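Here is how the chains run, residue by residue.
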Amino acid sequence: MQWNSVGDFFAMGGYAFYVWGSFGITALVVIVEMLLVRSRRKEVVDQLRSEFLADKSSS
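Quick caveat, the model's predicted, so the values are computed rather than measured.

**Focus: the overall build of the protein**
Next, step 1: When its secondary structure is counted, the protein shows two helices and zero strands.
Next, step 2: The globule rule puts the C-alpha radius of gyration for 59 residues at 10 Å, and the 23 Å found for the protein is more than 25% above it.
Next, step 3: Principal-axis analysis of the C-alpha atoms gives the protein an extent of 75 × 15 × 15 Å.
Next, step 4: Looking at the protein as a whole, 3% of its 59 residues qualify as buried.
Next, step 5: By element, 67% of the accessible surface of the protein is carried by carbon and sulfur atoms, the whole surface being about 5,500 Å².
Next, step 6: Of note, the protein has its 6 positive side-chain charges centred 9 Å away from the centre of its 6 negative side-chain charges.

This is the structure:
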């Protein structure tokens, strides 16, 4: 597909809502997933650290 202007590019041949909506939703899902993974990783590291310190102090 060839576009004659920036407006044509963003219109995507009449499919702009679908195309840009799909990109937007995908970007949102990826960002949310990254934040959830970071949060879960922090929880797991904190839990492992506390278990390690508990084992170390009881030995």
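**Here's the deal with the pattern of salt bridges**
Opposite charge on two side chains makes pairing possible when the charged atoms of those side chains draw close.
Next, step 1: Applying the stated criterion across every chain, the model contains three salt bridges.
Next, step 2: Glu43 is the salt-bridge partner of Arg40, the closest N and O atoms lying 3.2 Å from each other. Pair noted here: Arg40 and Glu43 are both in helix 2 (residues 16-58), with a separation of three residues, about one helical turn.
Next, step 3: Residue classification places Glu43 among the partly exposed positions, given a relative accessible area of 44%.

**A look at a nonpolar patch on the surface**
Next, step 1: Residues Val6, Phe10, Trp20 and Phe23 make up a contiguous nonpolar surface patch of about 430 Å² in total accessible area.
Next, step 2: Of all the secondary-structure elements, those providing two or more residues to the nonpolar patch are helix 1 (6-11) and helix 2.
Next, step 3: Tracing the sequence through the fold places Trp20 in helix 2.

**A short note on the packing of aromatic side chains**
Next, step 1: Applying the stated criterion to the full structure yields four aromatic pairs.
Next, step 2: Relative to Trp20, the ring of Phe10 has its centre 5.8 Å away and its plane inclined at 40 degrees; by these criteria the two rings are tilted. Linking Phe10 in helix 1 with Trp20 in helix 2, this pair joins segments that are ten residues apart in sequence.
Next, step 3: Judged by relative accessible area, Trp20 falls into the partly exposed class, the value being 32%.
Next, step 4: A network of ring pairs unites the aromatic residues Phe9, Phe10, Trp20 and Phe23 as a single cluster.

Analysis parameters
- Residues numbered from 1 in each chain as written.
- Predicted model: local features only at pLDDT ≥ 70, side-chain atom pairs only at ≥ 80, totals over all residues.
- Heavy atoms only, no water.
- Helix = DSSP H or I, 4+ residues; strand = E, 2+ residues; numbered from the N terminus.
- Rg over C-alpha atoms; globule rule 2.2 N^0.38 Å.
- Buried < 20%, exposed > 50% of the residue type's maximum accessible area, 1.4 Å probe, protein only.
- Areas by Shrake-Rupley, 256 points an atom, 1.4 Å probe, with all protein chains shown as cover.
- Lys, Arg positive; Asp, Glu negative; His and termini not counted.
- Charge placed at Lys NZ, Arg CZ, Asp CG, Glu CD.
- Salt bridge = Lys/Arg side-chain N within 4 Å of Asp/Glu carboxyl O.
- Patch = residues over 30% accessible without salt bridge, like charges linked within 9 Å, V, L, I, M, F, W, Y side chains within 5 Å.
- Phe/Tyr/Trp six-rings, centres within 6.5 Å; stacked < 30°, edge-to-face > 60°.

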